[in-house]
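Read off the chains here:
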Amino acid sequence: MQRSQPTGMDVLADVLTSTRIGGTVFARSELPAPWGMLFEPAPRAGLHIVARGSCWLRMRGRNEPVHLAQGDVVLLPHGAGHSLISAPNVQPLPFPKLLARCQVSQGPHGMNMSLEGKGPSTLLLCGAYRFEHDGVHPLLSLLPPLIHLRADSGVMSGPVEAVLRLLVAEYTQPGPGTVTVTARLVDVLFIHIIRGWLEHQPDGSAGWLGAVRDPQVGRALALMHEEPRRDWTVESLAAEVACSRATFARRFRELVGEPPLVYLTRLRMDLAARMLRDSEQPLAAIAERVGYASEFAFNRTFHRVRGVPPGRYREQAREALVASANAGGMVPLPAPASRMVVPPAVAQGVGRARRGLGERGRAARSAPRAE
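Residues numbered from 1 in each chain as written. Predicted model: local features only at pLDDT ≥ 70, side-chain atom pairs only at ≥ 80, totals over all residues. Heavy atoms only, no water.

Peer 1: Describe the overall build of the chain, with residues and values.
Peer 2: If you tally the helices and strands in the chain, you get 15 helices and twelve strands. The proportion of buried residues among the 371 residues of the chain is 49%. (Helix = DSSP H or I, 4+ residues; strand = E, 2+ residues; numbered from the N terminus. Buried < 20%, exposed > 50% of the residue type's maximum accessible area, 1.4 Å probe, protein only.)

Peer 1: Before we move on, can you summarise the pairing of strand β4 (residues 55-59) with the specific residues and values?
Peer 2: What you see with β4 is a clean split: Cys55, Leu57 and Met59 sit on the buried side and Trp56 and Arg58 on the side with no burial. Counting the residues in the hairpin turn of β4 and strand β5 (residues 66-68) gives six residues, including Gly61, whose phi is positive at 95 degrees. Sheet topology places β4 next to strand β7 (residues 82-85); four bridges connect them, and they run antiparallel. Along β7, the bridge assignment pairs Met59 with His82. (Pairing = 2+ DSSP bridges.)

Peer 1: Account for the sheet that holds β7, naming residues and giving values.
Peer 2: Ordered by their spatial adjacency, five strands build an open sheet running β5-β4-β7-β2-β8, and the pairing between neighbours is mixed. Each edge of the sheet is formed by a strand with only one pairing partner; in this case those strands are β5 and β8 (93-94). Relative to β7, strand β2 (residues 36-39) is paired through four bridges, and the arrangement is antiparallel. Looking across to β7, one finds that Phe39 is bridged to His82.

Peer 1: Any details on helix α9 (residues 245-256)? Residues and values, ideally.
Peer 2: For α9, built from twelve residues, the straight-helix expectation of 16 Å at 1.5 Å per residue is met to within 8% by its first-to-last C-alpha distance of 16 Å. Three or more residues of α9 are buried, namely Phe248, Ala249, Phe252, Leu255 and Val256. The arc enclosing the buried residues of α9, seen along the axis, measures out at 145 degrees, which places them on a common side. Facing away from the buried side of α9 by more than 90 degrees, the exposed set consists of Ala246 and Glu254. Looking one or two places after α9, you find Gly257, whose phi comes out positive at around 100 degrees. (Expected span 1.5 Å × (residues − 1). Arc of directions from axis to C-beta.)

Peer 1: Describe empty space enclosed by the protein, listing the residues and the values that go with them.
Peer 2: Each pocket or cavity is described by its volume, and for the largest cavity that value is around 90 Å³. Lining the largest cavity are 13 residues, with Phe39, Arg44, Gly46, His48 and His82 positioned closest to its centre. Those elements that provide at least two residues to the lining of the largest cavity are β3 (45-52) and β11 (121-130). For the lining of the largest cavity, the element with the highest residue contribution is β3, accounting for three residues. Its residues assigned to classes, the lining of the largest cavity shows six nonpolar, five polar and two charged. (1 Å grid on protein atoms, 1.4 Å probe; cavity = no way out; pocket = protein on both sides within 12 Å on 5 of 7 lines; lining within 4 Å. Points joined across faces, edges and corners; volume = space filled by probe spheres on them. Nonpolar A, V, L, I, M, F, W, Y, C, P; charged D, E, K, R; others polar.)

Structure below.
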């Protein structure tokens, strides 16, 4: 029986799991018109849900504002600078300044903020998805700067609408375990937003969709995600997808943004980081599971990619868990050195390893070539 291969959505789900995106609804805003808030560019994916009312979104690089109606969802995958305003002619205030004018309370999910006023009111739920390590995964980096799902579109009539309904209900009527439930719903919402957007893109689209739909590149991505510890080379990947080595290497780089073996190394280090955080496996076992015959080669590669040795990374993860338990708050995931980035709103209160590998295989694992 021929083994079925992962689809593009399976690859996406694997990327989201391995990079450990954490979703947190950190602000519920009740805003009577006129109002406007400016969000500076930040290393996170921004999420806005219009729970009631309407508003406009302005984004750098776009001449015209985007109208957001009740039930609309906006995802900014790259944290682009933008503003939310009650009307196109309103000048927004930087978020910290607007926050200073609001009545603020701390709820189980984060901030509750409200302005005084008699104009038509808009209720927003705003969140941020934080990536587990510095830099964005190459597949996620190929998403557009703005994904807007309209409430009156076909996308919103299925899972997205169902998740939104549960999320709003959990947020407005919290109960036992509501923090955990909300966090899971926000993570699920991210996947459904991307899925809804992908399903309505035309064939032949570029970027992430082009990469996973391309017959050769999409297949190669699926193979690497299915067997990350396998002794992949550019030649073996090209052979698996029935393509010449040169054509495959060029096409992969064009669509994904980096060479195949560089991508493979990133994938392996993401998986290793997850195992370091979530298990007590020794380093040698983790090295083997992500395709390294030598623990030394694994340590060296992890340090180069992540900025810290794997042992220190594991210590940071444990320290973060202890700090979160003591504070009763959100887990600050480990990052290289001291480059941890916390969203401003929050800061302000708010393959299998093969034994006996030849020299070529070991070299590929310790220093992938740039194709």
